[in-house]
Amino acid sequence: MLKIRLKSRTRELTVLAALIILIAVFSILDSVYLTPGNMVDIIKMATINGILAIGITFVIITGGIDLSIGCTFAIVIVAVGQLVVEGVPPLLAVLLGAVLGVIMGFFNGLLVTKMNLQPFIATLGTMSAYRGLAYVFTGGWPVLGIPDAYRKTFTTKIMGDIPISILVLFAIAIITHVVLSKTRFGNYIYSVGGNEESAKLSGVNVDRTKIMSYAICGCCAAFAGMIMLANLGTGEPASGQGYELDAIAAAAIGGTRMSGGKGTVLGTLLGALLLAALKIGMIVVGVQSFWQFVVTGIIIVIAAYFETIQDKISTAMFQHRNRTQTAR
Amino acid sequence: MKDAVEFRNISKHFPGVRVLNNVTLSIRKGEVHALLGENGAGKSTLLNILHGVYSEYSGDVFLDGQKVCFRNPHEAIADGKISKVHQETNIIRDMTVGQNVALGYEPRKGAFVNYPELNQTVNQILKRLKCRFRGEDSAAILTAGEMQMVAIAKALFHKANVISLDEPTASLTIPETDALFQIIQELKAAGMTIIYVSHRLEEVFRICDRATILRDGDCVATLEVAETTREEIIRYMVGRNVSAIASRLQERRAQPEKVLEVKHLSCAGKFSDVSFYLRKGEILGFSGLVGAGRTEVMRTVFGADRASGGEVLIHGRPARIRSSQDALRCGIGLLPEERKTQGFNTFFDNTGNIALASLKRFLRLGFVQEDRKLSNCKKFMKTLNINPPRPDFLTRNMSGGNQQKVILAKWLSTDVEILIFDEPTKGVDVAAKAEIYRLLEELVAQGKSVIVVSSELPEVMGISDRIYVMCEGQITAELEPADFKEELLLNYAMGGKDHAEN
């Protein structure tokens with residue numbers, strides 16, 4: 001049973017192995033890298049991208065894409081920022097922010113299902129519109145003077161040096177993992193991405209499954225935004241630009257199939273950690289920052305190539321096993 | 001005079017199946033030669049050998065007395081002047097007519113396509129075919145008949161001497177078909193050799209000179225069309241003992257209660273005024289030619305497509321089925337025709353695919369219990385004799401018959417009482433076919449009701465308690481077992497005259 005479980009987790013194990021190797025290499029290059037403080041920094045760095053990436057993993061598994069998450073992120077930042085500045089209690093503001101994210105994701109889902117738009121185009125449109133709304137909302141200025149009471153909801157450190165935001169990341173990861181792997185809805189997400197027509201003919205409500213995936217994605221983007229707001233202390237309407245691409249990269253490295261049907265929360269989380277470990281490692285050993293982009297790009301391509309090789313190997317293994325079985 | 005095409009002792013195997021068995025056949029220059037046979041008789045395989053799609057076979061092919069062996073379709077077109085007229089679905093709608101016709105063989109000027117020359121050549125051909133559209137027009141505006149003309153223009157563009165048409169009239173209207181036949185006559189008069197594949201016998205009598213009949217990979221006869229009769233051709237086509245496989249072993253169990261009744265169901269452009277009923281414990285056959293609208297009717301009953309009129313009654317009560325979820329609630333399951341694209345999830349293993357339609361049975365406190373899914377899968381692997389009995393294998397890696405059983409298991413896992421099978425034995429080998437027939441009998445023995453859509457006549461006659469025949473979106477006949485005769489069914493399926501009486 002364990003063997004089967006591990007086998008179906010090949011992809012996550014590979015990313016984990018890559019992560020361990022990466023950490024080992026950087027530790028040899030510079031001993032500072034392996035300190036607990038640095039490890040916490042890596043996870044901290046992975047928090048925002050990780051949460052965004054988990055959200056977009058849902059959408060990608062259904063066979064879609066959400067380019068608007070960086071802008072949902074920005075809207076939530078300025079909106080929640082304004083709320084807390086005007087004295088709304090932090091927890092209520094967080095709740096309202098999450099609802100706002102759900103609404104924006106839900107709207108993306110409506111465009112994709114009810115208007116039957118291609119996800120790329122639909123969310124390209126909302127990406128621009130949401131960004132515009134964030135600017136309109138603040139008149140282009142950042143929201144300043146975020147009260148400490150709000151910032152502390154995410155930045156308070158517990159158990160020594162661990163900020164609450166990291167716990168939020170892991171809480172989201174655990175909840176979404178359970179939803180994706182243990183619930184009927186999770187099963188439906190995979191079924192829609194793997195073969196939409198077959199899912200429909202099996203009695204799966206395809207539209208509802210997709211809309212809910214986009215809503216979850218929007219909700220994740222909202223949480224990422226609210227953590228960013230707490231970390232920075234200002235609500236910048238221009239923030240989050242290009243974050244959707246980092247999130248897609250993390251999901252891809254984690255083994256999420258871009259045309260849908262495959263992917264896990266664990267893989268995506270490891271993908272985000274790998275990217276963060278790489279960035280921090282290059283800072284620690286002093287690689288010029290421009291090269292960091294180049295290396296990140298190479299990692300993404302290698303990960304994608306690895307995916308195709310892995311597919312080939314598993315097919316070959318299947319055929320081999322099948323032959324030996326027939327021979328018996 | 002040497003024959004335009006001669007096949008000598010052609011045999012072709014696919015893994016485990018022999019599809020052509022020592023076929024010897026010659027096609028004269030300048031004749032229209034019909035290639036007839038049921039689905040799976042080997043017509044397409046023979047054409048594919050001629051066109052270079054399959055280059056591995058035993059036996060020889062001669063063109064004008066010269067032995068040839070094309071390694072790919074390009075060689076057949078360039079060296080052999082043999083062209084296949086593809087069905088209209090091969091037209092790329094976003095390109096112009098001229099681009100479609102010349103695709104892959106565009107005249108060039110330097111590095112660029114020489115469009116003036118291309119369109120000039122194409123327009124000459126279109127003029128010869130008496131087409132009203134021009135090479136510069138967008139292909140998107142064409143009707144099905146015009147697209148067929150574009151496909152023929154493509155063959156002429158390649159200066160083909162031999163062209164083959166595979167079911168060219170399948171989606172054409174009557175005037176379009178008449179125009180096509182006119183062109184075929186003219187091409188023949190110009191000395192072109194035409195191989196014509198069709199299931200519609202009246203067409204064969206209208207335009208073909210000779211007809212060769214294939215049956216289970218054997219060439220059973222070549223007849224002069226003028227000297228034969230429709231009955232003789234049908235006898236050659238069906239003269240075999242398949243009904244021994246597709247037969248009922250158990251007694252018939254149809255009860256008078258109507259579990260499903262469909263009244264005046266219509267779907268604009270696909271079918272109209274379709275009424276039928278299904279009794280409890282009945283195996284109801286739906287016969288007809290490919291494209292008669294049977295699949296569309298079933299998809300509409302199942303809620304996968306919207307009806308434009310009519311109603312569906314379950315146990316005598318009107319049911320509003322607007323989605324597949326509604327159908328599931330009403331106890332209707334559908335096993336789609338296209339297994340690979342509609343039947344199962346590519347990335348799911350057998351356990352996942354079997355559980356997909358009945359997930360709520362495996363929930364505990366809202367969570368799906370993997371062990372329950374697994375034991376459900378194992379149960380059906382045993383009862384349906386799924387081979388290899390491996391829950392963790394991806395369904396896409398199973399053989400066709402076993403994939404079909406996995407999809408069947410998916411529906412048996414739910415508690416549906418009406419199961420619609422669309423071409424259940426398509427692409428399934430003979431042994432697995434027999435097993436599927438037994439399963440159908442098992443289902444009705446358990447009190448479920450079954451609809452089988454099948455284009456194979458022996459199959460639908462062998463297993464059905466009652467048969468509806470469809471043609472061009474309408475039900476043309478309802479037959480009781482006493483009337484199960486292939487000639488009769490074919491006649492109704494091809495829009496036979498008798499249907500004027502109802």
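Right, let's walk through the structure included here. (Residues numbered from 1 in each chain as written. Chains lettered and ligands numbered in written order. Predicted model: local features only at pLDDT ≥ 70, side-chain atom pairs only at ≥ 80, totals over all residues. Heavy atoms only, no water.)

What follows covers the overall build of chain A. Each helix and strand in chain A was counted, giving 14 helices and two strands. Against the globule reference of 20 Å for 328 residues, chain A gives a C-alpha radius of gyration of 21 Å, in line with a compact fold. Expressed along its principal axes, the backbone C-alpha trace of chain A runs to roughly 75 × 55 × 35 Å. For chain A, with 328 residues in total, the buried portion stands at 48%. The long-range fraction of contacts in chain A, counting pairs at least 24 apart against all pairs at least 6 apart in sequence, stands at 79%. With the model as given, the accessible surface of chain A reaches about 15,000 Å², and the carbon-plus-sulfur share is 71%. When the 23 basic and 15 acidic side-chain charges of chain A are each reduced to a single mean position, those positions are 13 Å apart. (Helix = DSSP H or I, 4+ residues; strand = E, 2+ residues; numbered from the N terminus. Rg over C-alpha atoms; globule rule 2.2 N^0.38 Å. Buried < 20%, exposed > 50% of the residue type's maximum accessible area, 1.4 Å probe, protein only. Contact = heavy atoms within 4.5 Å. Areas by Shrake-Rupley, 256 points an atom, 1.4 Å probe, with all protein chains shown as cover. Lys, Arg positive; Asp, Glu negative; His and termini not counted. Charge placed at Lys NZ, Arg CZ, Asp CG, Glu CD.)

The next thing to look at is the interface of chain A and chain B. Tallying the contact residues gives 29 residues for chain A and 34 residues for chain B. With both sides pooled, the region where chain A packs onto chain B buries about 2,600 Å², and carbon together with sulfur makes up 55% of that total. Among the salt bridges present, the one from glutamate 197 of chain A reaches arginine 299 of chain B, with a minimum N-O distance of 2.9 Å. Linking chain A with chain B are twelve residue pairs in polar contact (both at pLDDT 80 or more), by the criterion used here. Mapped by element, the contributors of at least two residues to the side of chain A that touches chain B are helix H8 (164-182), helix H9 (184-194), helix H10 (196-201) and helix H14 (289-327) of chain A. When the residues that make up the side of chain A that touches chain B are grouped by side-chain class, the tally is seven nonpolar, 14 polar and eight charged. (Buried area = accessible area lost by both parts, 1.4 Å probe. Salt bridge = Lys/Arg side-chain N within 4 Å of Asp/Glu carboxyl O. Polar contact = N/O pair within 3.5 Å; in protein donor to acceptor, adjacent residues only side chain to side chain. Nonpolar A, V, L, I, M, F, W, Y, C, P; charged D, E, K, R; others polar.)

All names here are of chain B. Applying the stated rule across the entire model yields 25 salt bridges over all chains. Between aspartate 305 and arginine 299 there is a salt bridge; the shortest N-O distance is 3.0 Å. By relative accessible area, arginine 299 is classed as buried at 13%. Linked by salt bridges that have partners in common, Arg279, Glu282, Arg466 and Glu478 make up one network.

Hydrogen bonding along the main chain pairs the strands of a sheet, whether they run parallel or antiparallel. Residue and element names in this part refer to chain B. Pairing is mixed in the open sheet, where six strands are placed in the order E6-E9-E10-E3-E11-E12. Only two strands of the sheet have a single neighbouring strand rather than two, namely strand E6 (82-85) and strand E12 (218-224). Across the sheet, the mean angle from the axis of one strand to that of its neighbour is 20°, orientation sign disregarded. Sheet topology note: the E6/strand E9 (residues 162-166) ladder contains four bridges and is parallel. Opposite serine 83, over in E9, you have isoleucine 163 as the bridge partner. Docked against the sheet, helix H5 (residues 144-157) engages E6 and E9, running at close to 175° with respect to E6. (Pairing = 2+ DSSP bridges. Axes fitted to C-alpha atoms, helices over the stretch in contact; angles between N-to-C directions.)

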